[in-house]
Amino acid sequence: MTMLELMRKEPDYQAFEENYGDALGYHLRAEQFRRSGQRFSLVFNVGAVALERYLVAMCHLYGVMPLNHNFICLLNAVELVTEIPRELNKEIRSLDFIFGICSLDDYFHGEPTPKDAERVLAMCGEVRGLFDLERMAAIRQTAAAAELAEADRAEA
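Presented here is a report on the structure given in the accompanying data block.

About the cut-offs
Residues numbered from 1 in each chain as written. Predicted model: local features only at pLDDT ≥ 70, side-chain atom pairs only at ≥ 80, totals over all residues. Heavy atoms only, no water. Salt bridge = Lys/Arg side-chain N within 4 Å of Asp/Glu carboxyl O. Helix = DSSP H or I, 4+ residues; strand = E, 2+ residues; numbered from the N terminus. Buried < 20%, exposed > 50% of the residue type's maximum accessible area, 1.4 Å probe, protein only. Axes fitted to C-alpha atoms, helices over the stretch in contact; angles between N-to-C directions. Parallel < 35°, antiparallel > 145°, perpendicular 65-115°, else oblique. Left-handed = near helix turned anticlockwise from the far one by under 90°. Nonpolar A, V, L, I, M, F, W, Y, C, P; charged D, E, K, R; others polar. Contact = heavy atoms within 4.5 Å. Expected span 1.5 Å × (residues − 1). Polar contact = N/O pair within 3.5 Å; in protein donor to acceptor, adjacent residues only side chain to side chain.

Observations concerning the pattern of salt bridges
The full count for this structure, using the stated rule, is nine salt bridges. The partner of Arg 140 in a salt bridge is Glu 17, with the nearest N and O atoms 2.4 Å apart. With Arg 140 in helix 7 (residues 133-155) and Glu 17 in helix 2 (residues 13-35), the pair connects residues that are 123 residues apart, well separated along the chain. Take Arg 140: its relative accessible area is 32%, and that puts it in the partly exposed class. In this structure Glu 17 comes out as partly exposed when scored by relative accessible area, which is 22%. Its salt-bridge partner being Arg 53, residue Glu 18 comes within 4.0 Å of it at the nearest N-O pair. Taken together, the residues Glu 18 in helix 2 and Arg 53 in helix 3 (residues 40-62) connect sequence positions 35 residues apart. Looking at Arg 53, the relative accessible area reads 17%, which means it is buried. Residues joined in a network through salt bridges with shared partners are Glu 18, Asp 22 and Arg 53.

Written as structure tokens, this is what we have:
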């Protein structure tokens, strides 16, 4: 059995919609914080949550589950089903080293810089642009048909 077969399951429409909607909200809020001159650490942290939610949404869209929700594991799962540009991939993976929270031996919580805040917002925009709009429409159509069928069964 391949790694993809071990990690693969059916796309989860509700989890996709929840995570994608949250990602958009966090992303827009981080952009708003940047425009209003909030602390760059706040912009970075909210942007990092948006980026995580975008990647989780992508996992649900394709039906792959990451081993963990750090950026490296999320990307490992996403890479099984879609291509991430090399430089973007490298940038996203670097975020785990700012935090270092996934290391038992070398735990630390780094301080993001103004450049990190700008980088995470740029990554959010790039990842948002990677979503397959046709696949999103198809999963939404499938979910709507399933809801209609369920309503018909309930009436019968």
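The rest of the description comes next.
Quick look at the packing of helix 2 against helix 3
Axis angle and axis distance: for two packed helices, these are the angle between their axes and the distance between the axes, and together they describe the pair. The N-to-C vectors of helix 2 and helix 3 enclose an angle of 160°; their axes lie 8 Å apart at closest approach. Classified by the angle between their axes, helix 2 and helix 3 sit roughly antiparallel to one another. Judged by the sense of rotation from one axis to the other, the crossing of helix 2 with helix 3 is left-handed. Within the contact of helix 2 with helix 3, the residues separate by chemical class into 17 nonpolar, four polar and five charged.

Thoughts on the side chain of His 27
Locating His 27 in the fold gives a position in helix 2. When its relative accessible area of 6% is taken as the criterion, His 27 is described as buried. The contact partners of His 27, leaving out residues within four places of it in the chain, are Ala 50, Tyr 54, Leu 121, Cys 124, Gly 125 and Arg 128.

Quick word on helix 7
Given 3.6 residues to a turn, an α-helix orients residues that are three or four positions apart in the same direction. Spanning 23 residues, helix 7 covers 33 Å between terminal C-alpha atoms, matching the ideal 33 Å at 1.5 Å per step. Here helix 7 has its buried residues at Met 136, Ile 139 and Ala 143. Buried residues along helix 7 sit in contact with helix 2 and helix 3. You can read the cap of helix 7 off the contacts: a side-chain oxygen lies 3.0 Å from the backbone nitrogen of Glu 134, and it is on Asp 132.

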